[in-house]
Protein chains: 4
Amino acid sequence: VEPLVRELRGRVGGEAERFVHLGATSQDVMDTAAMLVTRRALDLVLGDLDRVARACGELAEAHRSTPMAGRTVLQHAVPTTFGLKAAGWLVETTDARRTLRRIRSDGLAAQLGGAAGTLSALGSDGIRLLELFAAEVDLPCPVLPWHTNRVRVAELGGALAVVAGAASRVALDIVLLAQTEVAEVAEPGGGSSTMPHKRNPSGATLARASARLAGGHASVLLGSLEQEHERAAGAWQAEWEALSGALAYTGGALDALAGALEGLEVDAARMRSNLDATGGLVAAERVALLLAERLGRQAAHDAVGEAARRTATGLSFREALLTDPRLGLSEVEVDAALDPTTYLGSAEALVDRALLHAREGTSG
Amino acid sequence: VEPLVRELRGRVGGEAERFVHLGATSQDVMDTAAMLVTRRALDLVLGDLDRVARACGELAEAHRSTPMAGRTVLQHAVPTTFGLKAAGWLVETTDARRTLRRIRSDGLAAQLGGAAGTLSALGSDGIRLLELFAAEVDLPCPVLPWHTNRVRVAELGGALAVVAGAASRVALDIVLLAQTEVAEVAEPGGGSSTMPHKRNPSGATLARASARLAGGHASVLLGSLEQEHERAAGAWQAEWEALSGALAYTGGALDALAGALEGLEVDAARMRSNLDATGGLVAAERVALLLAERLGRQAAHDAVGEAARRTATGLSFREALLTDPRLGLSEVEVDAALDPTTYLGSAEALVDRALLHAREGTSG
Amino acid sequence: VEPLVRELRGRVGGEAERFVHLGATSQDVMDTAAMLVTRRALDLVLGDLDRVARACGELAEAHRSTPMAGRTVLQHAVPTTFGLKAAGWLVETTDARRTLRRIRSDGLAAQLGGAAGTLSALGSDGIRLLELFAAEVDLPCPVLPWHTNRVRVAELGGALAVVAGAASRVALDIVLLAQTEVAEVAEPGGGSSTMPHKRNPSGATLARASARLAGGHASVLLGSLEQEHERAAGAWQAEWEALSGALAYTGGALDALAGALEGLEVDAARMRSNLDATGGLVAAERVALLLAERLGRQAAHDAVGEAARRTATGLSFREALLTDPRLGLSEVEVDAALDPTTYLGSAEALVDRALLHAREGTSG
Amino acid sequence: VEPLVRELRGRVGGEAERFVHLGATSQDVMDTAAMLVTRRALDLVLGDLDRVARACGELAEAHRSTPMAGRTVLQHAVPTTFGLKAAGWLVETTDARRTLRRIRSDGLAAQLGGAAGTLSALGSDGIRLLELFAAEVDLPCPVLPWHTNRVRVAELGGALAVVAGAASRVALDIVLLAQTEVAEVAEPGGGSSTMPHKRNPSGATLARASARLAGGHASVLLGSLEQEHERAAGAWQAEWEALSGALAYTGGALDALAGALEGLEVDAARMRSNLDATGGLVAAERVALLLAERLGRQAAHDAVGEAARRTATGLSFREALLTDPRLGLSEVEVDAALDPTTYLGSAEALVDRALLHAREGTSG
């Protein structure tokens, strides 16, 4: 800060020169600068978040009714739609965006406190000057100088960690769906120098890497609240680097993710064939519900479990159900029950609900 | 969850038995329970935060004009008042409380999604049932089931880390002020088994220890956003323990801190004598401002620095100033300039501002 | 500590009573106890690590030559063997174990320093008593009392984080291999209350959850080195809880992982069919190497890439290669090149190397 | 990596051109480069650690018998010597150095595995080539390619975090000793732009700031063990940045700390006057021990506590002891007991022990 002040004094010159930096301390300059830089960076980050949300919204709308396997603990559970998966990404993104927007609009602040936060060198006009200064740099005016009250910096760190983590979640889903054996989505491009056939999910990979680095920087900000007296001996001085890093890598994660989503190739046919690959097991819950009405819940559960186990011998699940006389299921019943495309629950209505909510959130 | 469901079915019996847990998955039960437990715990945590804020407010009011040394990088800088220090604690506490209150009022949510978040077993009435369930447990209804959208849990972790960190900052100030050489505050009690004369800042120490543990748990929550598909294989299962720990240790930190603040013994006379111990050096900034009008800013800064260095030889700062003929300062001028109690800047007005803000924040 | 000392004094009675806790401070008792507890816990953790290593070694040996797809960025890359994958787990486990063993054998220490680490109440015999005490509790004797030198605790935290992270890596591989679409391994058991057909990788999931919690606790230990003067005000007091947690959850992760590995069902046929599912693309690198000798490296790379892209139209990779006249490849050449089972590189020799190394490491 | 390989091929040309990068993958190049960069950086870091250790050793030797207050929970406890404090820093530094040296000498490794770690493109000579390559770059040869076994990177992160934390502990002690009210040490330089009289502990402050940033980077390395299959999708890609940061900021912390220690001004007179400032209370433990022989331990403890409390009324501790008839202490006894300079326990012998150990550690 010192060389900057000297340079500025030289340029100002004359009578006004002695008012340059008057009543301010280096931290006033650094913190205000950090807030201005943050505001500009948040606009970029929020812009990237909007891109991600828009891409998720478009995927949700386009694939509202595209059936795919819902997977829990990475196992097929019951059918869902790719639209609902994308709607889940959308809601997570907009949830994460909300806090960041709030910080952008009222969580930043000008900093002016002088040597120890009393506005000592500004006579009796200190608070008025603080307010004028805040207005001049167009930042909210803080209640008090905040030299060692770092709640706003820590909350910013937390919000960036959440945004980066949300981006990482979407990216992980892409990576998992792009696996050779799953192959339900692909990123455009993504070649390999040694293996010309590969199509790596490069954007999602970069998003995950950037999100990790953002999280590391954010942890420094969240861990720096404990600052001594009226200016810290170390914790404050570490903030600038960590804040820059958290902003840059969160932005990087979102940009990479947005690119991946915008070009995402979705293979609905493969989603369908993966869904069918287990011969109806993905609808086993529906069979159990159907049988529960007849046999009671526990017996139904056990019977379906036994039929599922019999598929290990090569029998289809359909056959296993039909050949168990205790179940008394007809072919028509079984075929209806095992059709995954009619067992989507409220998936489509939930997509509509998420899209409606996102539109309202954007306008609100 | 399974034994609980079995027990409940047994108790319900009859026709209704088959509707117990129908359409729900274990995670629905666990997440909703976690939110209910969190709500109850947040009320305790917010209550402790109120205690801390109240105690800080009372100290700020009582010591609005009690002069003490403002310290930057742990060195005397310029005078401040103990009231302004306590007001700083108050503002930090209320800043940290704001996000937690927001989460308490609209950041929690009921969880109901069924096997993979499609409400598969609930037919066409899924969303309506989700809304009724949320109303029944008196939690906000989520846009979508949030089995792998953990933004609310991560934000809760972040908010608890901020509250714990803010508590730790206040506690650190108490520890520093209670040092044998500073002795400006003391906690009641605090004996030692081996050294009967000691008065340890036990509450502040416990607050800092608890805050560290809270931060460790919160980092697990903030690091758990990346969850796979429709249910995670590990990250979700770690949340319960981390959430309990973050809530408990944040509460513990606040309770210990509140105890320390409520009984805090403030030694205004010692604050004054510490302020005077450097023979006026703590007002050196004012002397430099005074001289700047006569000698220009850089020359004034250098002259004061030189006078300060001469104190190393045993000369008082007052003498050093008076005996430098270039400065042309009279005894009256020097004595006025070096009186720390008249160089408080806007400290008292800032205390009023913080108290006003806190009162509005509480009613708002 | 105080009630313990009182109780002990009562039991000892007589002349000896006044020597109970003489010259010791509470931290001496707590730290020595923590080291004794740690030693016992490390024996359990090391035992679980041995179980994991043994299970990995057996899998490596049994599947030394079982071909499977090697996957980079979760895409098929080139063939490997399941034995080499398990050997990689083995080497990682034994790498992680090495530091923990070292800490177990010489990284712990007795603690005895008295009030401020000078052995003040022990007259001129302090150091001799420190040595006798260390011998009595059978712990290494430290160079100095280590009340605020927490390197050994932080290194323990780091080593536990590494072990937990290594366990988590193996567990993640199991989760990924157990996916419905991959299905190359399965854990025994692992049913679901709502979906009777599911076989969740429960042990691996629990291992990953426990490892996350271990990491959270370890981060507290690693972050607690900065301690004040001769006894800290907060950082030390947080250690006990974090150390217990780090030990318990690391042990939990290893136990869950060992269970998963010991019962792991490996489906070599499925590994083979997954390897074949891409019609030889997994051996594309070998084709590129073969062509490079004829066409030069870049041209070969481009040609193989083009052939790979043509498979998107339904053509097999084999056909695509055979029908490109520029390549001049015969059927015999192509069939030989595309056989994944003959493109294992040094996989089997590497398994032998890892097993040999592990055996030496165990005896050494 | 790709442009680098192209450039290199161009330069090599001719027959040899096709062997450039043959059988290697990008990660082989990056990881080996990271290890070579790390080795060079570790030499700098270890050099800075040696500087710190040397400076601590010199302070320990020079102030072996300089009495000062031992402080626990930041309260005067019993006397120690500044030499023992510095010896504690020395032992902590050399403890932290040990693991880093071990990693420098045998914890790094060459990386060569090819596409998926099987050395697929190197025919039957893969392992031999791996060994030759490791010898060529003069790095230890790994048991297996370690594309997703990141134990060595995580351990490096942990070791750097420990070194940075140890540096931060010493720096904190300096900051605390340099406080205006304590003033037992001062760093040379350290002026302030607004307050010409200040002497900030700038080196220690910078060391603490750098150590925090090092810790943030290290946490990314420690959290990146969970990597997928034969190459990770994100965790590996984040390592380079985090590793560079951890090395650079650990080095920065040590360099700043070394500078602070090498120029440290130690004020033995001030140490003595601080020790005396409590009128003998710092030797209260000795009085309690003396009385315990006559009154029993509990009664002695209570009596000393009562005398200590009476000092709050303005009475000196000496007077309080002499005027309590139950104690039966003579003036000679009290004066002897209260002399802090004769109550140093084994402080001086412990300094010798630490210096001896450090010398052996250096030569060993």
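Residues numbered from 1 in each chain as written. Chains lettered and ligands numbered in written order. Predicted model: local features only at pLDDT ≥ 70, side-chain atom pairs only at ≥ 80, totals over all residues. Heavy atoms only, no water.

Once that is clear, we can look at the overall build of chain A. Each helix and strand counted, chain A has 13 helices and four strands in total. Over its C-alpha trace chain A gives a radius of gyration of 29 Å, far above what one expects of a compact globule, namely 21 Å for 364 residues. By its C-alpha atoms, chain A is 100 × 50 × 35 Å across when sized along the principal axes. Within chain A, buried positions represent 62% of all 364 residues. Carbon and sulfur atoms provide 54% of the accessible area of chain A, an area that totals close to 12600 Å². Of the side-chain charges in chain A, 36 are positive and 46 negative, and the distance between the mean point of each set is 1 Å. (Helix = DSSP H or I, 4+ residues; strand = E, 2+ residues; numbered from the N terminus. Rg over C-alpha atoms; globule rule 2.2 N^0.38 Å. Buried < 20%, exposed > 50% of the residue type's maximum accessible area, 1.4 Å probe, protein only. Areas by Shrake-Rupley, 256 points an atom, 1.4 Å probe, with all protein chains shown as cover. Lys, Arg positive; Asp, Glu negative; His and termini not counted. Charge placed at Lys NZ, Arg CZ, Asp CG, Glu CD.)

Contacts between the two partners involve 83 residues from chain A, matched on the other side by 83 residues from chain B. Carbon and sulfur atoms supply 60% of the area that chain A and chain B bury against each other, a total of about 7000 Å² over both sides. There are six salt bridges connecting chain A and chain B. A salt bridge links Glu230 of chain A to Lys85 of chain B, with the nearest nitrogen and oxygen atoms 3.2 Å apart. (Contact = heavy atoms within 4.5 Å. Buried area = accessible area lost by both parts, 1.4 Å probe. Salt bridge = Lys/Arg side-chain N within 4 Å of Asp/Glu carboxyl O.)

You'll often see interface size given as the accessible area lost when the parts meet. Each partner contributes to the interface: chain B provides 37 residues, whereas chain D provides 37 residues. Between chain B and chain D the total buried area reaches about 3000 Å² when both faces are included, carbon and sulfur atoms providing 58% of it. Here Arg71 of chain B makes a salt bridge to Glu181 of chain D, at a shortest N to O gap of 2.7 Å. If you look at where chain B meets chain D, you find nine residue pairs in polar contact (both at pLDDT 80 or more). Of all the secondary structure elements, the ones that give two or more residues to the side of chain B that touches chain D are β1 (67-72), β2 (75-81), α5 (151-177), α9 (284-295) and α10 (297-310) of chain B. Split by residue class, the side of chain B that touches chain D holds 16 nonpolar, 15 polar and six charged. (Polar contact = N/O pair within 3.5 Å; in protein donor to acceptor, adjacent residues only side chain to side chain. Nonpolar A, V, L, I, M, F, W, Y, C, P; charged D, E, K, R; others polar.)

Applying the stated criterion across every chain, the model contains four aromatic pairs over all chains. Geometrically, the ring pair formed by Phe82 of chain C and Trp89 of chain C is edge-to-face, given 5.9 Å between the ring centres and 85° between the ring planes. Here Phe82 of chain C matches Trp89 of chain C in class, with each residue buried. Across the ring face of Trp146 of chain B, the terminal group of Arg152 of chain B is positioned such that the distance to the ring centre comes to 4.9 Å. (Phe/Tyr/Trp six-rings, centres within 6.5 Å; stacked < 30°, edge-to-face > 60°. Lys NZ or Arg CZ within 6 Å of the ring centre and 35° of its normal.)

Okay, the pairing of strand β2 (residues 75-81) of chain A next. All names here are of chain A. Among the seven residues in β2, seven count as buried, and that is most of the element. The sheet contact formed by strand β1 (residues 67-72) and β2 spans five bridges and is antiparallel. The partner of Met68 across the bridge, within β2, is Thr80. (Pairing = 2+ DSSP bridges.)

Now for the relation of the copies chain B and chain D. Laying chain B over chain D is done by rotating through 180° and shifting 0.0 Å along the axis; what remains is an RMSD of 0.0 Å. The operation mapping one copy onto its partner corresponds to a two-fold rotation axis. By C-alpha distance to the rotation axis, the residue of chain B lying nearest is Glu181 of chain B, at 3.0 Å. (Least-squares fit on C-alpha atoms with pLDDT ≥ 70 in both.)

For the rest of this paragraph, the subject is the side chain of Thr93 of chain B. Residues and elements named next belong to chain B. The residue Thr93 is located in helix α3 (residues 82-107) in this model. Among the polar contacts listed, one links the side chain of Thr93 to the backbone oxygen of Trp89, at a separation of 2.7 Å. Dropping the residues within four chain positions of it, Thr93 is found in contact with Leu49, Val52 and Ala53.

This paragraph deals with the pattern of salt bridges. Applying the stated criterion to the full structure yields 120 salt bridges over all chains. For the salt bridge of Glu333 of chain B with Arg294 of chain B, the shortest nitrogen-to-oxygen distance reads 2.3 Å. Residue Glu333 of chain B is located in helix α12 (residues 331-338), and its partner Arg294 of chain B is located in helix α9; the two are separated by 39 residues in the primary sequence. Take Arg294 of chain B: its relative accessible area is 40%, and that puts it in the partly exposed class. Three or more residues are tied together by salt bridges with common partners; here these are Lys85, Glu92, Arg169 and Asp173 of chain A together with Glu230 of chain B.

Residues and elements named next belong to chain B. Positive phi, normally seen in glycine, also occurs at Leu119, with a value near 55°. Note that Leu119 resides in the loop between α3 and α4 (126-136). For Leu119, a relative accessible area of 0% corresponds to the buried category.

It is worth spelling out the side chain of Thr38 of chain D at this point. All names here are of chain D. Residue position: Thr38 is located in helix α2 (residues 26-62). The exposure class of Thr38 is buried, given its relative accessible area of 0%. Within polar-contact distance, the side chain of Thr38 engages the backbone oxygen of Ala34 at 2.6 Å.

This part is about the pairing of strand β1 (residues 67-72) of chain D. Burial within β1 of chain D is extensive, with six of its six residues counted as buried. Counted between consecutive antiparallel strands, the loop separating β1 of chain D from strand β2 (residues 75-81) of chain D contains two residues, among which Val73 of chain D sits at a positive phi close to 50°.

In the predicted model, chain A carries a mean pLDDT of 94, and 97% of its residues have values of at least 70. Model confidence for the complex is summarised by a pTM of 0.97, with the ipTM given as 0.95. (pLDDT = per-residue confidence, 0-100.)

Residue and element names in this part refer to chain C. Two elements in contact, helix α9 (residues 284-295) and helix α12 (residues 331-338), have axes separated by 8 Å at closest approach and are oriented at 135°. Here α9 lies oblique to α12, going by the angle between them. Residues Arg286, Val287 and Arg294 of α9 touch α12, and the partners they reach there are Glu333, Ala336, Ala337 and Leu338. (Axes fitted to C-alpha atoms, helices over the stretch in contact; angles between N-to-C directions. Parallel < 35°, antiparallel > 145°, perpendicular 65-115°, else oblique.)

Right, let's talk about the packing of helix α5 (residues 151-177) of chain A against α5 of chain B for a bit. Where α5 of chain A meets α5 of chain B, the closest approach of the two axes is 10 Å, and the angle between their N-to-C directions is 160°. The angle between the axes of α5 of chain A and α5 of chain B places the two elements in the roughly antiparallel class. The two elements α5 of chain A and α5 of chain B cross, and the hand of that crossing is right-handed. Touching Val151, Ala154, Glu155 and Val162 of chain A of α5 of chain A are Val151, Ala154, Glu155 and Val162 of chain B, all from α5 of chain B. Grouping the amino acids of the contact of α5 of chain A with α5 of chain B by side-chain chemistry returns six nonpolar, no polar and two charged. (Left-handed = near helix turned anticlockwise from the far one by under 90°.)

A separate point is the environment of Pro340 of chain B. Within the secondary structure layout, Pro340 of chain B lies in the loop between α12 and α13 (347-363). Here Pro340 of chain B falls in the buried class, since its relative accessible area comes to 5%.

The next point concerns the environment of Arg309 of chain B. With respect to the helices, strands and loops of the structure, Arg309 of chain B is situated in helix α10. Arg309 of chain B gets classed as exposed once you look at its relative accessible area, which sits at 57%.

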